[in-house]
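# Understanding the architecture of this molecule
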Amino acid sequence: MCGIVGYIGPKEACPILINGLKRLEYRGYDSAGIALIHNNNIQVYKCKGRVQDLEHHMELEDTSATIGMGHTRWATHGEPNDANAHPHTSMNGLFSIVHNGIIENHALLKEKLQARGYLFQSETDTEVLANLIEYIYTKGQVNAENAVRLALTKVIGAYGLVVLCKNEPDQLVVARKGSPLVIGVGQSEYFVASDATPIVEYTKNVIYLNDDDVAILKRDEMILKTIKNTPVSLSIQQVDIDIEKIEKGGFPHFMLKEIFEQVNSIYDTIRGRVNAEASEIYLGGISEIIPKMVNAHRIIIIGCGTSWHAGTVGEYIFEEFTRIPVEVEYASEFRYRNPIVDANDIVIAISQSGETADTLAAIKYAKAHGATVIGICNVVGSSIARETDAGVYTHAGPEIGVASTKAFTAQISVLAMMALQIGHRKGTLSDELYKKYINELYNLPDKVKAILEKNDKIKEIAAIYKDSTNAIYLGRGCQFPVALEGALKLKEISYIHAEGYPAAEMKHGPIALIDENMPVFAIATNDNYYDKIVSNIKEIQSRKGHVIALVNDNDAQVKKLAEHVIEIPETLEYLSPLLNVIPLQLISYHIAVMRGCNVDMPRNLAKSVTVE
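Residues numbered from 1 in each chain as written. Predicted model: local features only at pLDDT ≥ 70, side-chain atom pairs only at ≥ 80, totals over all residues. Heavy atoms only, no water.

## Quick notes on the environment of P519
- With respect to the element layout, P519 can be found in strand β24 (residues 519-523).
- The class for P519 is buried, based on a relative accessible area of 1%.
- The contacts of P519, once residues within four sequence positions are left out, are Y465, S468, N470, A471, I472, H546 and I548. (Helix = DSSP H or I, 4+ residues; strand = E, 2+ residues; numbered from the N terminus. Buried < 20%, exposed > 50% of the residue type's maximum accessible area, 1.4 Å probe, protein only. Contact = heavy atoms within 4.5 Å.)

## Description of the sheet that holds strand β4 (residues 67-73)
- In space, the 8 strands of this open sheet follow the order β3-β2-β4-β1-β10-β9-β11-β14, with antiparallel pairing throughout. A strand with exactly one partner marks an edge of an open sheet, and here the two such strands are β3 (41-48) and β14 (237-238).
- Contacts from helix α1 (residues 13-23) reach β1 (3-8), β2 (31-38), β4 and β10 (190-193), with the element oriented near 160 degrees to β2.
- Helix α2 (residues 51-58) rests against β2, β3 and β4 of the sheet, and its axis sits at about 130 degrees to β3. (Pairing = 2+ DSSP bridges. Axes fitted to C-alpha atoms, helices over the stretch in contact; angles between N-to-C directions.)

## Comments concerning the packing of aromatic side chains
- Summed over all chains, the structure comprises 10 aromatic pairs.
- Look at Y473 and F521: their rings are 4.7 Å apart centre to centre, the planes differ by 20 degrees, and that puts the pair in the stacked class. With Y473 in strand β22 (residues 470-475) and F521 in strand β24, this residue pair connects regions lying 48 residues apart in the sequence.
- The buried category is assigned to F521, whose relative accessible area is 3%.
- Put simply, the rings of Y7, F191 and Y202 touch in pairs and so form one group of aromatic residues.
- Above the ring of F120, the side-chain terminus of K110 is found at 5.0 Å from the ring centroid.
- The cationic tip of R603 hangs over the ring face of Y495; the distance from NZ or CZ to the ring centre is 3.9 Å. (Phe/Tyr/Trp six-rings, centres within 6.5 Å; stacked < 30°, edge-to-face > 60°. Lys NZ or Arg CZ within 6 Å of the ring centre and 35° of its normal.)

## What to know about helix α4 (residues 125-140)
- Relative to the 22 Å expected for 16 residues at 1.5 Å per residue, α4 spans 22 Å between its end C-alpha atoms, a close match to the ideal helical length.
- Judged by how many residues are buried, α4 sits mostly within the fold: 12 of 16 residues are covered.
- Regarding α4, the residues found buried are D125, T126, E127, V128, L129, A130, N131, L132, I133, E134, I136 and Y137.
- Contacts from the buried residues of α4 go to β5 (88-89), β6 (95-103), α3 (106-115), α5 (144-152), β7 (157-165) and β8 (168-177).
- Of the residues flanking the end of α4, it is Q141, one or two places downstream, whose phi is positive at about 50 degrees. (Expected span 1.5 Å × (residues − 1).)

## Digging into the sheet that holds strand β19 (residues 345-351)
- Across the sheet, 5 strands lie side by side as β18-β17-β19-β20-β21; this open sheet has parallel pairing. With one partner strand each, in any of the chains shown, β18 (326-330) and β21 (390-393) form the two edges of the open sheet. Taking each pair of neighbouring strands and ignoring which way they run, the sheet shows an average axis angle of 20 degrees.

## Section: the pattern of salt bridges
- Applying the stated criterion to the full structure yields 22 salt bridges.
- The salt bridge involving K257 is made with E261; its shortest N-O contact spans 3.0 Å. One exposure class covers both K257 and E261, and it is buried.
- Across the pair K489 and E485 runs a salt bridge whose closest N-O atoms are separated by 2.6 Å. Of this pair, K489 and E485 both sit in helix α16 (residues 480-494), 4 residues apart, roughly one helical turn. With respect to class, K489 is no different from E485; both count as buried.
- Connected through salt bridges with shared partners, the residues R176, D211, E355 and K364 form a single ionic network. (Salt bridge = Lys/Arg side-chain N within 4 Å of Asp/Glu carboxyl O.)

## Brief notes about the confidence of the model for the protein
- This prediction gives the protein a mean pLDDT of 92; 98% of its residues lie at or above 70.
- Mean pLDDT in the protein bottoms out at helix α17 (residues 530-542), which sits at 85, and peaks at helix α19 (residues 576-594), which reaches 98. (pLDDT = per-residue confidence, 0-100.)

## Quick word on the side chain of S382
- Considering the arrangement of structural elements, one finds S382 in the loop between β20 (372-377) and α12 (383-387).
- At a separation of 2.9 Å, a polar atom in the side chain of S382 contacts the main-chain carbonyl oxygen of V379.
- Excluding residues that lie within four positions of it along the chain, S382 makes contacts with S353, G354, E355 and C377. (Polar contact = N/O pair within 3.5 Å; in protein donor to acceptor, adjacent residues only side chain to side chain.)

## Topic: the environment of A85
- For A85, the location among the structural elements is in the loop between β4 and β5.
- It is 6.3 Å that separates the C-alpha atoms of A85 and K46, two residues lying 39 residues apart in sequence.
- In this view, A85 contacts S31, A32, K46, C47 and R73; residues no more than four positions away in its chain are not counted.

Put into structure tokens, the structure is as follows:
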């Protein structure tokens, strides 16, 4: 989950590296560091804290150099401190490396290196790798490239890696297995990063490394091969990211900006795919496997965190419209529990980044057992986009805030389009209802805008409950996953303990938690469960719980019961999660800001979980 940058070329490296680390800080912010080659020496600057702390740490140093690398850390091995910060340098100072991933056999490798006289300054697995490379380099009398490749054959685990060698000062050695790396191709210069966001202001031409790729970057040359020394052809792609989309654009936080961007991100996700005049949905990325989906015996949806919640909404939509049985699995559990998967199954893998380690492992398992795997992700060229048999991009645009918002609604939009298309093709969804849902998809952005106009009122409600220590979220049917997502958002960024429940489960235990100190967020918009949720609200009210309800504009009953209501424009039942989640996102945001939390960089979290 750490962020990596690298540069070699005619420009001064340090400003490029620092700027890149700021772009990647959403991937980790426990510590930061850079290494430069200056006067044929490796200079390392690193410290605990954020990139701005690193800048202060370096402000009096001579950082003039045209080759270097940087790292912003999310701690796995070793607590966040100066010693454990990257880059890590080998004992004799010949190599410095930055690393994203986990070396699973680091303890055994460390023991062997210690037996050969190596001393260690940190608790990290990365320092073990730095010393292993140096040992092979000196003992085997090989060049830096071969030392890296040979060392990686002895490593078990995942890595995105950039290596500097003191004795070979005009090159970067880059390697990838399980952790994403992108190389930007410029004019007599190369850039390296964990994703394309630090690169796009310098070049739009990129190469996405595959697992087991090793790249040797010199000022006028790039060599790409595998760990086993097999040449790999270069495949340069164009990235389409506007700089404006990765800036705050006048908002105080990326999270708030991305909540407000949902007017456009939902529209961009359906644009060109939904034709209201022809009453048709066309998803080009899965067009060739539509027959398989229509005839599937079962659909398995896999994801983690917010993507899992989106998948759970998808379960309700798919089963309603396609009548195909659906199971939703945590990717982290799916990969280990020996699930039953066969060639009649369709697996849908959901990930904002397209790099989630558990989801990637689950995809490989499903493919190995003959299933057809479809990816839903937001990042063009990501690993999931390349590993799956087919897929659909969400087109939500870059999401920088660690707590996912617009990715969730974009993922549900894609799942809804898939289910509608399959259900109509299969004949389980009538022409009339199909057209009705298509027309309503076009109306959603305006309804999102209407909710966002209530931001000031939502902020007032947030102020009342900002000091709560617990919260409960309730929903029924396809609103249950929205309740889970609302609770997750509050936990992630405000550190208030919150739980989401199916409202009917309140009587089976959680109602014991209700007292005069408990805020309960109830999703009570019009659907087949409305009368039931009204009964649940009465149960909470009678036990002195504070009810904050989401209702439709024409609501008559809940407005009389709840202490606070937030009015939501009415929509069709299976599209309502796209609207109902937005006020819950805003409540979490405002509560977190009022509590003094860093909403874009919540403690202990990182945006893209690329390690176990």
